[in-house]
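# Summary of structural features
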Amino acid sequence: MGTVQLSNVRKFYGALEVIKGIDLTVEAGELVVFVGPSGCGKSTLLRMIAGLEDVDYGRVEIAGKDVTDAPPAQRGVAMVFQNYALYPHMTAYDNLAYGLRRAGLRRDAVDQRVQETAALLQISELLPRKPKAMSGGQRQRVAIGRAIVRKPEVFLFDEPLSNLDAALRVEMRSQIARLHQELAATMIFVTHDQVEAMTLADRIVVLNAGRVEQIGTPREVYHSPANLFVAGFIGSPAMNLLPATLGPSGVALVSGHVLGGQKGEGEAVTLGVRPDRLTLTSAESAHLSGEAKLIEHLGDETILHLRLADGGALTMKLHGDILLKIGARVHARIDLAGACLFGANGRALRLEGAHETKA
Amino acid sequence: MPITSAPPEAAVLPRRNRKAERGEARAGVLFALPWIIGMTLFVAIPLVVTFYIAQTKFQIIGAPKWVGMQNYEALWSDPAFWKSAQNTLIFGAISVPVKLIIALGLALLLNRATALSGFYRTIFYLPFLMPAVAGSVVFMLLLTPNAGPVNIALEAMGLNPPDWLLDPNAALWTLILLSLWPLGVETLVFLGGLQNIPKDVSEAADLDSPKRWHKLVWITLPLITPMVLFNLVIGIIYSFQVFTQAIVIGGTTGTPAEATLMYMVVLYRAAFRYFNMGLAAAMATVLFVVVLILTLLIFKTARSWVHYEGGEI
């Protein structure tokens, strides 16, 4: 299994720069997830690695070889597409066998590889069927089989689960995780679904507007976002971003409450607090108070959307089924141990008193 | 390939709402009605009338007189019928496949996404808008033995070009050559098929093999087989009906020495020169039966080589 190294890769559509100089190394056997909002360039970057998009500047190396100008089939990559992209006129067997046959493998060797792969993915009974006689989940398993059967250096997944229903997505996600372990394969996975990113990734690459915002383990990205974009993008419900200042006694909220921690001389900062780091409290000990505007009962937890006195919004994630009425006055207390601090430039500041997170 | 006990394909497909389907079918028939009426009036009824006239002696003036199979017997012993049938068969057997291959090549070129692809597509389609008569006349001028630009160019290259239109050995080939132009509709049909191939399927093929011809033979061609079938059937029908170019170049006698005498020209001659409508109708009936049999044969083989995305025919 090979490494993937991107050195200052850039891509233009006409005058528009869509990939703005990305450096990235994916280690052998690692599963890296590209995540970001629509149009951030994650799929384009994956397609540049696959050779389906030209690299305008920079270099792409796969398994130590410069493949920047190599055609897709000579890069040692296999790709699983969002819409499966199975050859519609071929049976599942022929879909798997096609690449091997064209590479000149003998008939019995092709058959052995196809049968082994089908057994691994439990799709043996689908082999005689054409794609139109399969469900979405079955098609995607065949598409994954077509990638595996070629034994590539690197697997590329372009939002492969987004066309599947929720239950199937969970099942396929765990199947991909299992394959990653069994094959010890290098995989790059593109998704806009954070749950997929968090559960599958060894490392997450958060992209925005053609740039890398942060590279890190799921825990690092979640607990120590590098900037406001990552803080707002990763995590659902999203992190609360509260305007604050650094005063002589520590972080001070707009409401006047001083939380302690980092001291300063009145610099404007943003305090990031995950919704689950807020607790209900009494009016006297509250850091923030607001009116309940929306209450989502999820059974084991309750999501509370508040309108604060200063007009801002606050989301709380509370354990259990909390009985509250819309319009109720709610008092919240911030647990500074799980909070993040961002400077005026949007970059993360080290917050004294916040707990350290290690991957 | 291993045979496993997979359930039949129909078993995994959702069952349709039959009642809604019936309502849709009624609406469908209503929408198609104008066309069905036109088809009945201008195709089906004339077809039956042709079958009838083929068994009569009918010279436009006066009533048709029943003669049974006499017209077919007359055809059987008519050398012009056999000569024209032979010419038409040679013409079709060469021009149809060559035309399909060139049209496919053009479509593959036009399918490449470049900044000018819209421009190129228009340029390639424009000649099709030119009437066949005008096109044939232009080619006659181009191919004039001494003063024609084609022969002047060939002679300048040291070649000894034939008298394209008057040499009995060359004239049929010239007609075949002319039939290759223009290729508008065939190219357009292929282009439509090529553009219908999902981009990711094409990209998956790029990832599976670096060789372009692999993708052409195993992925692209199978996916446009419905268009190949369409162009093949239409091409055969048109080639059997070749008329305009043949009559402009060879007149009603198939000059030179009946080399360009085509079936439809003989049919036309029988009907509107000799006013022998019975014989002409018999020729039309024979042509209809031959084309029908050929088409049915092609459709029968099509099951094994044509891939339909929506389901088999």
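Each chain carries its own residue numbering, running from 1 in the direction its sequence is written. Numbering of ligands from 1 and lettering of chains from A proceed in the order in which they are written. Selection of residues for local features in this predicted model requires a pLDDT of at least 70, selection of side-chain atom pairs for listing and counting requires 80 or more, and totals for whole chains, interfaces and linings are taken over all residues. Hydrogen atoms and water are omitted, and side-chain values are computed over all heavy atoms in the structure.

Each helix is a run of H or I in the DSSP string that is no shorter than four residues. Each strand is a run of E no shorter than two, and both are numbered from the N terminus. A count of helices and strands for chain A gives 8 helices and 21 strands. On the principal axes, the C-alpha backbone points of chain A span a range of 80 × 45 × 35 Å. The rule is simple: take the accessible area with a 1.4 Å probe, protein chains only, and divide by the maximum for that residue type; under 20% is buried, over 50% is exposed, in between is partly exposed. The burial tally for chain A puts 53% of its 359 residues in the buried class. Residue-level accessible areas treat just the shown protein chains as cover; the underlying method is Shrake-Rupley with a 1.4 Å probe. With the model as given, the accessible surface of chain A reaches about 15300 Å², and the carbon-plus-sulfur share is 49%.

Moving on, we get to helix H2 (residues 18-53) of chain B. Expected span, for any helix, means 1.5 Å times one less than how many residues it has. Taking 1.5 Å per residue, 36 residues should reach 52 Å; H2(B) reaches only 45 Å between its end C-alpha atoms and comes up short. Each residue is assigned a bend, namely the angle between axes fitted to the seven residues that terminate at it and the seven residues that start at it. At Leu33(B), H2(B) shows its maximal bend, which comes to roughly 50°, and the proline Pro34(B) appears one to four places after that position.

Time to look at the domain arrangement of chain A. Often, the extent of an interface is quoted as the loss of accessible area upon association of its parts. All names here are of chain A. Here chain A is partitioned into domain 1 (4-228) and domain 2 (237-349). Buried area: the accessible surface (1.4 Å probe) lost by two parts on joining, summed over both. For the pair domain 1 and domain 2, the two sides together bury roughly 720 Å², of which 56% comes from carbon and sulfur. Broken down residue by residue, the surface that domain 1 buries against domain 2 is led by Tyr222, Pro225 and Leu228, which jointly contribute 68%. When a carboxyl oxygen of Asp or Glu lies within 4 Å of a side-chain nitrogen of Lys or Arg, that pair is called a salt bridge. Put simply, domain 1 and domain 2 have 0 salt bridges between them. Here a polar contact means two N or O atoms within 3.5 Å. Within protein one must be a hydrogen donor candidate and the other an acceptor candidate, and residues neighboring in sequence count only if both atoms are side-chain atoms. At the junction of domain 1 with domain 2, the criterion picks out 3 residue pairs in polar contact (both at pLDDT 80 or more). When residues of the side of domain 1 that touches domain 2 are assigned to their parent elements, the largest contribution, 3 residues, is made by helix H7 (residues 218-223). Among the residues forming the side of domain 1 that touches domain 2, the class breakdown is 5 nonpolar, 2 polar and no charged. Start and end points for every domain follow an automatic or database-based domain assignment. Residue polarity is assigned by list, with Asp, Glu, Lys and Arg as charged and Ala, Val, Leu, Ile, Met, Phe, Trp, Tyr, Cys and Pro as nonpolar; anything else, Gly included, falls into the polar class.

All right, on to the side chain of Thr88(B) then. All names here are of chain B. Positionally, threonine 88 belongs in helix H4 (residues 79-110). Under the relative-accessibility criterion, threonine 88 is labelled buried at 5%. A distance of 2.9 Å separates a polar side-chain atom of threonine 88 from the backbone nitrogen of tyrosine 263. Working rule for contacts: check all heavy atoms of both residues, and any pair within 4.5 Å makes them a contact. Beyond its immediate chain neighbours, meaning those up to four positions away, threonine 88 contacts Ser239, Phe240, Met262 and Tyr263.

Residues and elements named next belong to chain A. All chains considered together, the criterion is met by 19 salt bridges over all chains. For lysine 42, the salt bridge goes to glutamate 159, with nearest N and O atoms at 4.0 Å. Of this pair, lysine 42 sits in helix H1 (residues 42-50) while glutamate 159 sits in the loop between strand S7 (154-158) and helix H5 (166-183), and the two are 117 residues apart along the sequence. Each member of the pair, lysine 42 together with glutamate 159, is buried.

Contacts between the two partners involve 33 residues from chain A and, on the opposite side, 30 residues from chain B. Buried surface at the junction of chain A and chain B, summed over both partners, amounts to about 2800 Å²; 63% is from carbon and sulfur atoms. Contact with chain B buries area across many residues of chain A, yet His89(A), Arg102(A) and Lys132(A) alone supply 22% of it, more than any other trio. Seen at the junction of chain A and chain B, the total is 2 salt bridges. When the shortest N-O distance is used, the salt bridge between Arg150(A) and Asp208(B) registers 3.5 Å. Counting only elements with at least two residues in the side of chain A that touches chain B, the list comes to H1, strand S6 (77-80) and helix H2 (92-102) of chain A. Top contributing element to the side of chain A that touches chain B by residue count: H2(A), with 5 residues. In the side of chain A that touches chain B, the residues fall into 17 nonpolar, 7 polar and 9 charged.

To continue, consider the environment of Lys19(B). One can find Lys19(B) in helix H2. Sequence separation between Lys19(B) and Ala280(B) is 261 residues, and the spatial gap between their C-alpha atoms is 49 Å.

As a further point, take the sheet that holds strand S5 (residues 65-66) of chain A. Residue and element names in this part refer to chain A. Two strands pair under a simple rule: DSSP has to find at least two bridges between them. Strand order in this open sheet of 4 strands is S2-S1-S4-S5, and the pairing throughout is antiparallel. Among the strands making up the open sheet, the edge pair consists of strand S2 (16-26) and S5. Judged from the 8 bridges that link them, strand S1 (residues 4-13) and S2 form a sheet pairing that is antiparallel. Counted as the bridge partner of tyrosine 13 is leucine 16 from S2. Orientation is described by lines fitted to C-alpha atoms, with helices fitted over the stretch in contact, and by angles between N-to-C directions that extend from 0 to 180 degrees. Strands in contact with H1 are S1, S2 and strand S4 (57-62); relative to S1, the strand with the most contacts, it is inclined by about 115°.

Turning to the sheet that holds strand S14 (residues 267-273) of chain A, a few remarks are in order. Sheet strands line up and pair through hydrogen bonds in the backbone, either parallel or antiparallel. All names here are of chain A. A sheet is described by the order of its strands in space; here 6 strands give the open sequence S13-S12-S11-S14-S20-S21, paired in antiparallel fashion. Edge strands, defined here as strands with exactly one partner in the open sheet, are strand S13 (258-260) and strand S21 (348-349). For strand S12 (residues 250-253) and S13, the ladder comprises 2 bridges, and the chain directions are antiparallel. In the strand pairing of S13, valine 251 is matched with glycine 260.

Extensive coverage of helix H10 (residues 199-208) of chain B is indicated by the burial of 7 of its 10 residues. When we look at burial in H10(B), the residues that qualify are Asp200(B), Val201(B), Glu203(B), Ala204(B), Ala205(B), Leu207(B) and Asp208(B). Its buried side turned inward, H10(B) meets H1, S6, H2 and helix H4 (136-148) of chain A together with helix H11 (212-223) of chain B.

Before going further, it helps to examine unusual backbone geometry. Residues and elements named next belong to chain A. The linkage connecting serine 236 with the following residue, proline 237, adopts the cis geometry, with an omega of 0°. Along the chain, proline 237 falls in the loop between helix H8 (228-233) and strand S11 (240-247). Backbone geometry at tyrosine 84 places phi at a positive 70°, although glycine is not the residue there. Mapping tyrosine 84 onto the fold places it in the loop between S6 and H2. We classify tyrosine 84 as buried; its relative accessible area is 10%.

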